[in-house]
Amino acid sequence: MGGAVAKAVVDGVLTGGVYALMAAGLTLIFGVMDIINIAQGILVVLGAYLSYVLSQDLGIGLFLGLLITIPSLFVIGVAVEWAFMRRLQERERTALSILVTYGVAIVIEGILELIFGPNYVQLRAWYVNQSFHVLGFYLPYIYVFGFALAVFLLGVLYLILYRSRFGRSVRASLQDRAAARLVGVNVERVSTITFGIGIAVTAAGGMVFGATNAFNANSGYDLISRLLTIVILGGLGSIGGALGAAVFMTVIEGLVAVLWSPVWATLVFYAALVLVLVIKPVGIFGQRAARAQ
Amino acid sequence: MKVTALVQGGRQARSPAADMEEPWQQERRARGAWAAGVAALLAIAIAFPWVFTNPTTTSIGVFTLIYMAAATAWNSFAGYSGYIPLGHAVFFGSGAYTLVIAAQDLHIRGGYTVFALVPLAGAVAVAVAVPFGLVALRTRRHTFVVITIAIFFIFQLMAFNLGITQGSSGIPAPTPTWPAATFNDRFYYVALAILVVAAAFSWGIRRSRFGLQLLAIRDDEDRALSLGVRVSRVKLTAFALSALPVGMVGAVWAYFIGQVYPQFAFDPLFDISVALMAFLGGLGTVSGPLLGALILEPLQQYFTLQFSSNALYLVVYGALFLVVILLLPRGIIPTVRDRVASWRERRSGSTALASGPDAAGGVLSSEMAGGGVAGAAGGGAVSPPGPSGPAVRRG
């Protein structure tokens, strides 16, 4: 039992890091643009499929392939922003952005299903199949590698946001779009690039997700509902909150799976969201969730 | 009466053009034409299965009516209050499961008795909607949308995993023993009856003080609260009311389909379809969701029949969705109504001097007819849909 609990906690922290990366993209987009990107889930699946094609058909390793998939998804993100997001009227932004990104998600899901069919696939590599022994249980290498990748990319994100001129304009737009515009930030350009970055992280998230889970085109629904739960719990727009909430939720889910039943673990994930919002409508870690109209 | 006399008197004092129709006469005439139009549409709907007897066609008719009722009900909360819930499939699925489980427990084999369970399904949907609303309506805007999605997934997971719903193998509905040729007609008329109730609800809410309170919430919730609207109660009531027809059509759907599976009873595409229908027709209008569903659902059924591939359908549907929202963000009905209004204005522009005061009188009297605008409406441009009343503003 003790070993199982330790495994649940370690698993939870390691997968939590990957979820944190995907959720950071989502919450960053929200913070800067006031948009909830429902397509984030299916884009993770798209990233996973890209890695699948690269590794399966072209023999490019999963981590090396990221050099191709991350820029690809960045371009897709910029294209989506350019084609749809900037055309939304300011007044209706909230409702319309959710519907538009939902529409984008449906189109991508359909295309993926047309190409790859309904069968589940999983990414293969030696570090996916082999495990090592630690704390009385076996852990596949990919969990550690994926966590390291997530930490690395979150570090890069941190450097971009807090140590660069561009990051300063992103944070200015995050605080107040109108004021940022007044002091000379090109908010439109910042929005486009932020959207691209927020989506580029799904390439890495998708690779790790695809290596640790079997997936098909429908997996996007499960992913997006988890990611939304995480960003709401963390407080919309707060990257630190998303990190905390991601690790918190995956650990809780792992513990429930071990101590109770795996069937109800996912339910606990959402139930925690409902429970937290009954007690504290702005989320555990956030103060900004219920931003003024 | 007094109000009309006053308005009349004022109008006469300002403009003695006696050969013009009185505003209330115009309105009565418009209302008569409107009632005749509704009656004609209803007659067409009733006659439809007699004219088109092909089972494929009537089956599309049943699905269309189900979605028309659901979209109307969804809009009677979302369109008027400005909150966008993406979790009404919870009520649809609850209604569907209520019917099949109750029929099983009560040993109802089939036939018309099963339809007696439809109101029960509606009641269960409302019973589900109250705690759902209590939780979700504590939040606003993005968080509200996300919460409804999360609660939707909780219900889908429960349907997969609870003993009562028998998991992914699903529950069979009672099998009706009606002849194949007119099999669909029973479902058609029951769905039509629910649709009429849902549309009447939607229309009634739109015209009522309650509806004005909802519109005030949509325009500015904090201001509505400070003006004395009991915001929480109004929102929750509207939310629960909107669940009723959805649960009922869910039950009809279950009986019609014959087997209830968790992934189809609690379908995320249902949430988004209903929203799209309302957006396409015109969010916050009475007729918009009806028109939207009337366009989209036959299209969806046609696709399902024509191409067995679900994936292709997803691509087309999503693309259509994007086009609608980007090109017609306000929906068909408000866009057309504005065009007509501006065309009328331009046409009557030459006689503007004579008819100016009349127009003012018309607006005044139509506002009086709506009743209770003062106090409830706050600052929003709210006016009941008169003959040439301003289009509804969305907030």
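Up top is the structure these notes are about.
Residues numbered from 1 in each chain as written. Chains lettered and ligands numbered in written order. Predicted model: local features only at pLDDT ≥ 70, side-chain atom pairs only at ≥ 80, totals over all residues. Heavy atoms only, no water.

Caption draft 1: Representation of the packing of helix α7 (residues 183-207) of chain B against helix α10 (residues 231-257) of chain B in the model. Residue and element names in this part refer to chain B. Between α7 and α10, whose axes approach to 10 Å, the crossing angle comes to 175°. Between α7 and α10, the angle is such that the two are roughly antiparallel. Contacts between α7 and α10 pair Phe183, Asn184, Phe187, Val190, Ile194, Ala198, Phe201 and Ile205 from the former with Leu241, Leu244, Pro245, Met248, Val249, Val252, Tyr255 and Phe256 from the latter. Here the contact of α7 with α10 is composed, by residue class, of 15 nonpolar, 1 polar and no charged. (Axes fitted to C-alpha atoms, helices over the stretch in contact; angles between N-to-C directions. Helix = DSSP H or I, 4+ residues; strand = E, 2+ residues; numbered from the N terminus. Parallel < 35°, antiparallel > 145°, perpendicular 65-115°, else oblique. Contact = heavy atoms within 4.5 Å. Nonpolar A, V, L, I, M, F, W, Y, C, P; charged D, E, K, R; others polar.)

Caption draft 2: Here's a closer look at the interface of chain B and chain A. Facing 41 residues of chain B, the contacting portion of chain A comprises 48 residues. Approximately 4000 Å² of surface area, both sides summed, lies buried where chain B meets chain A, with 78% of it carried by carbon and sulfur atoms. Where chain B packs against chain A, one counts 0 salt bridges. Applying the counting rule to chain B against chain A returns 0 residue pairs in polar contact (both at pLDDT 80 or more). Within the residue set of the side of chain B that touches chain A, elements represented by two or more residues are α6 (141-161), α12 (268-281) and α14 (310-327) of chain B. Among the elements that make up the side of chain B that touches chain A, the one with the highest residue count is α6(B) (14 residues). Grouping the constituent residues of the side of chain B that touches chain A by class yields 29 nonpolar, 8 polar and 4 charged. (Buried area = accessible area lost by both parts, 1.4 Å probe. Salt bridge = Lys/Arg side-chain N within 4 Å of Asp/Glu carboxyl O. Polar contact = N/O pair within 3.5 Å; in protein donor to acceptor, adjacent residues only side chain to side chain.)

Caption draft 3: Representation of the pairing of strand β2 (residues 137-140) of chain A within the structure. All names here are of chain A. The pairing of strand β1 (residues 131-134) with β2 spans 4 bridges and is classified as antiparallel. Directly across from His133, in β2, lies its bridge partner Tyr138. Joining the antiparallel neighbours β1 and β2 is a turn of 2 residues, in which Leu135 adopts a positive phi near 50°. (Pairing = 2+ DSSP bridges.)

Caption draft 4: Here's a closer look at helix α4 (residues 93-116) of chain A. Residues and elements named next belong to chain A. In a regular helix each residue adds 1.5 Å, so 24 residues correspond to 34 Å; α4 covers 33 Å between its end C-alpha atoms and thus fits that length. Burial within α4 is extensive, with 20 of its 24 residues counted as buried. Positive backbone phi, approximately 75°, marks Gly117, located one or two places after α4. (Expected span 1.5 Å × (residues − 1). Buried < 20%, exposed > 50% of the residue type's maximum accessible area, 1.4 Å probe, protein only.)

Caption draft 5: Main features of the pattern of salt bridges. Residues and elements named next belong to chain B. For the structure on display, the rule yields 5 salt bridges over all chains. Among the salt bridges present, the one from Glu221 reaches Lys235, with a minimum N-O distance of 2.9 Å. Separated by 14 residues along the polypeptide, Glu221 in helix α9 (residues 221-226) and Lys235 in helix α10 bring together distant segments of the chain. The two residues Glu221 and Lys235 agree in class, both being buried.

Caption draft 6: Structural view of the packing of aromatic side chains. All names here are of chain B. Here the structure, examined in full by the defined rule, presents 26 aromatic pairs over all chains. On the numbers, 5.2 Å between centres and 70° between planes, the contact of Phe187 with Tyr255 is edge-to-face. A residue pair is termed long-range when its members are at least 10 positions apart, and Phe187 in helix α7 and Tyr255 in helix α10 qualify at 68 residues. Note on accessibility: Phe187 and Tyr255 belong to one class, buried. Members of the aromatic cluster, each reached through a chain of ring pairs, are Phe77, Tyr83, Phe91, Phe132, Phe144 and Phe239. (Phe/Tyr/Trp six-rings, centres within 6.5 Å; stacked < 30°, edge-to-face > 60°.)

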